[in-house]
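# Structural characterization, general
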Amino acid sequence: MPQPSYEFALGRIGVLSTHLLSTAQVRRIAEAGSAREALKLLLETGYGENVATEQEIARGDVDLIIRDQLQLTRKRIKELTPDPELTGLFLLPVDTHNIKALLKARLLGTNADAILRDGGNFPLETLKDMIQTKYYEDLPPVYRDVMNRIESGFTRGEADPLLFSAMVDGAMFTQVQKVLDARKEKGFIRDFFSLWADFQNTLSVIRAQNLHWSLNQLKAVLLDAGSIEKSIFEDSLSTPPEQLGARLSQGAHGLALEQAISEFAQTNDIGAITKRMQEGLMHIIQDARWQAHSLGPIVGYLLAREAEAEALRLIFGALEGGFEPQLPEMYA
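Bear in mind the structure is a predicted one, so any value in this text is a computation, not a measurement. (Residues numbered from 1 in each chain as written. Predicted model: local features only at pLDDT ≥ 70, side-chain atom pairs only at ≥ 80, totals over all residues. Heavy atoms only, no water.)

Turning to the overall build of the chain, a few remarks are in order. In terms of regular secondary structure, the chain is built from 17 helices and zero strands. Relative to the 2.2 N^0.38 estimate, which gives 20 Å for 332 residues, the radius of gyration of the chain is 21 Å and therefore close to what a compact globule would have. Seen along its three principal axes, the alpha-carbon backbone of the chain occupies a region of about 55 × 50 × 45 Å. For the chain, the proportion of its 332 residues judged to be buried stands at 46%. Total accessible area on the chain is roughly 16,500 Å²; 51% of this is exposed by carbon and sulfur atoms. Side chains of the chain give 34 positive and 45 negative charges; the mean places of these two sets differ by 2 Å. (Helix = DSSP H or I, 4+ residues; strand = E, 2+ residues; numbered from the N terminus. Rg over C-alpha atoms; globule rule 2.2 N^0.38 Å. Buried < 20%, exposed > 50% of the residue type's maximum accessible area, 1.4 Å probe, protein only. Areas by Shrake-Rupley, 256 points an atom, 1.4 Å probe, with all protein chains shown as cover. Lys, Arg positive; Asp, Glu negative; His and termini not counted. Charge placed at Lys NZ, Arg CZ, Asp CG, Glu CD.)

Using the criterion set out here, one finds 18 salt bridges in the structure. In this structure, Arg-74 and Glu-306 form a salt bridge, with 3.7 Å as the shortest nitrogen-oxygen distance. Of this pair, Arg-74 sits in helix 5 (residues 62-80) while Glu-306 sits in helix 17 (residues 296-321); the two residues are 232 residues apart in sequence, bridging distant segments of the chain. Given a relative accessible area of 5%, Arg-74 falls into the buried group. For Glu-79, the salt bridge is made with Lys-75, and the minimal N-O distance between the two is 2.8 Å. Remark: Lys-75 and Glu-79 occur in helix 5; sequence separation between them is four residues, near one turn of the helix. Looking at Glu-79, the relative accessible area reads 33%, which means it is partly exposed. Look at the salt bridges and you will find they share partners, linking Asp-83, Glu-85 and Arg-183 into a network. (Salt bridge = Lys/Arg side-chain N within 4 Å of Asp/Glu carboxyl O.)

Further remarks concern the packing of aromatic side chains. The final tally for this structure, using the stated rule, is ten aromatic pairs. When the ring of Phe-90 is compared with that of Phe-188, the centres are 6.4 Å apart and the planes differ by 20°; the resulting orientation is stacked. Here Phe-188 lies in helix 11 (residues 188-210) and Phe-90 lies in the loop between helix 6 (84-88) and helix 7 (92-108), a separation of 98 residues in the sequence. Each member of the pair, Phe-90 as well as Phe-188, is classed as buried. Seen in terms of ring centroids, Phe-122 and Tyr-143 are 5.3 Å apart; in terms of plane orientation they differ by 80°. Their pairing is edge-to-face. Linking Phe-122 in the loop between helix 7 and helix 8 (124-133) with Tyr-143 in helix 9 (residues 141-155), this pair joins segments that are 21 residues apart in sequence. (Phe/Tyr/Trp six-rings, centres within 6.5 Å; stacked < 30°, edge-to-face > 60°.)

Listed below in structure tokens is the structure:
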């Protein structure tokens, strides 16, 4: 059950955080001569906390070992948090991933079990049943309405993966905004999601320009919860990249956004904007981890585990493919 005490939750998180992989440990794993050697080094750190099965270890199934650790982490977060509603916003990406995967699997006639993630707000078996039966009345209204619109599109033969993926993403940010507005939340959680939305909307404008989208196509992918009105992004569809930064230099993250767009305009590398977005999100969480009597340390631990998992997937993917691993900046 969720804990009513911040003191208890933060004490437990403090202990759990000592089990995160250090930069030195991640580098040592990345420097292993093979995926098998890297797995041995990983398990020697205590990663997985004995939740991985002997069969997974024997097969060298790193992805399942990582999934087991993340599932345990999300379970603990749910048990520890004094505020399940706000903490649950950081679990919505898990639900978003699962909904997209299940929809695509149904359309293709395949099984998505291998890529589903445990620990979201919506139980996996419930989601599976809903998407199979096309009955969404038990979901929160935001998700229910979006899923019904997606199903109506499928009925009309509009099975565009890009469109329904954007609609599911949109549902997540609309749900976030609904909760934050109802709670009158003004702290790091709003900062985190508003930066994410502002940067994603900027990326959507640039992609829309490159792909020669219509205004309606752009509107379909713009997200709520940002600090910049969506109408500003709509009006920026024809703005050249070298002028886009000045136009979008507003809202809570205007300066960071302007700098990221300027870098893109000089290099034509859209990845520069994504990189600056990730850095901005990381800085918000790093600052929040020191805020006593807040969810900062709890969310910080959750996202640190997820960043750790992403780094491990990159490392093992590179080793299995015979490439030199490129570590994320936080471990480089």
